Amino acid sequence: MNLLTHTLDSLGQVVLVGLFLGAGLPSLFALGVRSLHAGRSSSESALQPLGVAGAVVCFAVVAIAVLCGILLLTADFLSGTFGIHVF
């Protein structure tokens, strides 16, 4: 029974991370693009500050997640070659 609960717990973690990275980050990027578009008024092409701020927040979260993923993948290389321990 312990094996089954451990397996289901691991499966739940994989599904949550998959939803976050597989659907969440692209959705957040799309929300940033939509925020930039919605920040424009229809009569003029000037950007509205609230739309730009929302887009910057969305893009920053996506960029930080991508950077953390790259650092996670290269952690062994960085620690072995340069002595940099990131995580």
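Residues numbered from 1 in each chain as written. Predicted model: local features only at pLDDT ≥ 70, side-chain atom pairs only at ≥ 80, totals over all residues. Heavy atoms only, no water.

Along its length, the chain carries three helices and zero strands. Listed N to C, the secondary structure of the chain is α-α-α in terms of helices and strands. Here the C-alpha radius of gyration of the chain, 19 Å, is well above what a compact globule of 87 residues would show, namely 12 Å. Across its three principal directions, the C-alpha atoms of the chain cover 65 × 40 × 15 Å. (Helix = DSSP H or I, 4+ residues; strand = E, 2+ residues; numbered from the N terminus. Rg over C-alpha atoms; globule rule 2.2 N^0.38 Å.)

The next point concerns a nonpolar patch on the surface. A cluster of nonpolar residues, Met1, Leu4, Leu8, Leu11, Val15 and Leu19, forms a patch on the protein surface that exposes about 660 Å² of accessible area. Position of Leu11 relative to the elements: it lies in helix α1 (residues 2-38). (Patch = residues over 30% accessible without salt bridge, like charges linked within 9 Å, V, L, I, M, F, W, Y side chains within 5 Å. Areas by Shrake-Rupley, 256 points an atom, 1.4 Å probe, with all protein chains shown as cover. Salt bridge = Lys/Arg side-chain N within 4 Å of Asp/Glu carboxyl O.)

What follows concerns the packing of aromatic side chains. Scanning the model with the defined rule gives two aromatic pairs in all. Ring geometry for Phe29 against Phe59: centres 5.2 Å apart, planes inclined by 45°, an arrangement best described as tilted. Taken together, the residues span a long stretch of sequence, with Phe29 in helix α1 and Phe59 in helix α2 (residues 49-73) at a distance of 30 residues. Take Phe29: its relative accessible area is 43%, and that puts it in the partly exposed class. (Phe/Tyr/Trp six-rings, centres within 6.5 Å; stacked < 30°, edge-to-face > 60°. Buried < 20%, exposed > 50% of the residue type's maximum accessible area, 1.4 Å probe, protein only.)

Covalent bonding between the sulfur atoms of two cysteines is what defines a disulfide. Summed over all chains, the structure comprises zero disulfides. Left unpaired, Cys58 is separated from the closest cysteine sulfur, that of Cys68, by 17 Å. Note on Cys68: relative accessible area 37%, which makes it partly exposed. (Disulfide = S-S within 2.5 Å.)

Here Val62 shows up in helix α2. Its relative accessible area of 13% is what places Val62 among the buried residues. Residues Val62 and Ser27, spaced 35 residues apart in sequence, show a C-alpha to C-alpha distance of 9.8 Å. With residues up to four places along the chain from it excluded, the contact list for Val62 reads Leu25, Leu28 and Phe29. (Contact = heavy atoms within 4.5 Å.)

Moving on, we come to the packing of α1 against α2. Two elements in contact, α1 and α2, have axes separated by 8 Å at closest approach and are oriented at 155°. What the angle tells us is that α1 and α2 run roughly antiparallel. Of the two elements, α1 crosses α2, and the hand of that crossing is left-handed. Where α1 abuts α2, its residues Leu25, Leu28, Phe29, Leu31, Gly32, Val33, Ser35 and Leu36 lie against Gly51, Val52, Gly54, Ala55, Cys58, Phe59, Val61, Val62 and Ala65. In terms of residue class, the contact of α1 with α2 is made up of 13 nonpolar, four polar and no charged. (Axes fitted to C-alpha atoms, helices over the stretch in contact; angles between N-to-C directions. Parallel < 35°, antiparallel > 145°, perpendicular 65-115°, else oblique. Left-handed = near helix turned anticlockwise from the far one by under 90°. Nonpolar A, V, L, I, M, F, W, Y, C, P; charged D, E, K, R; others polar.)

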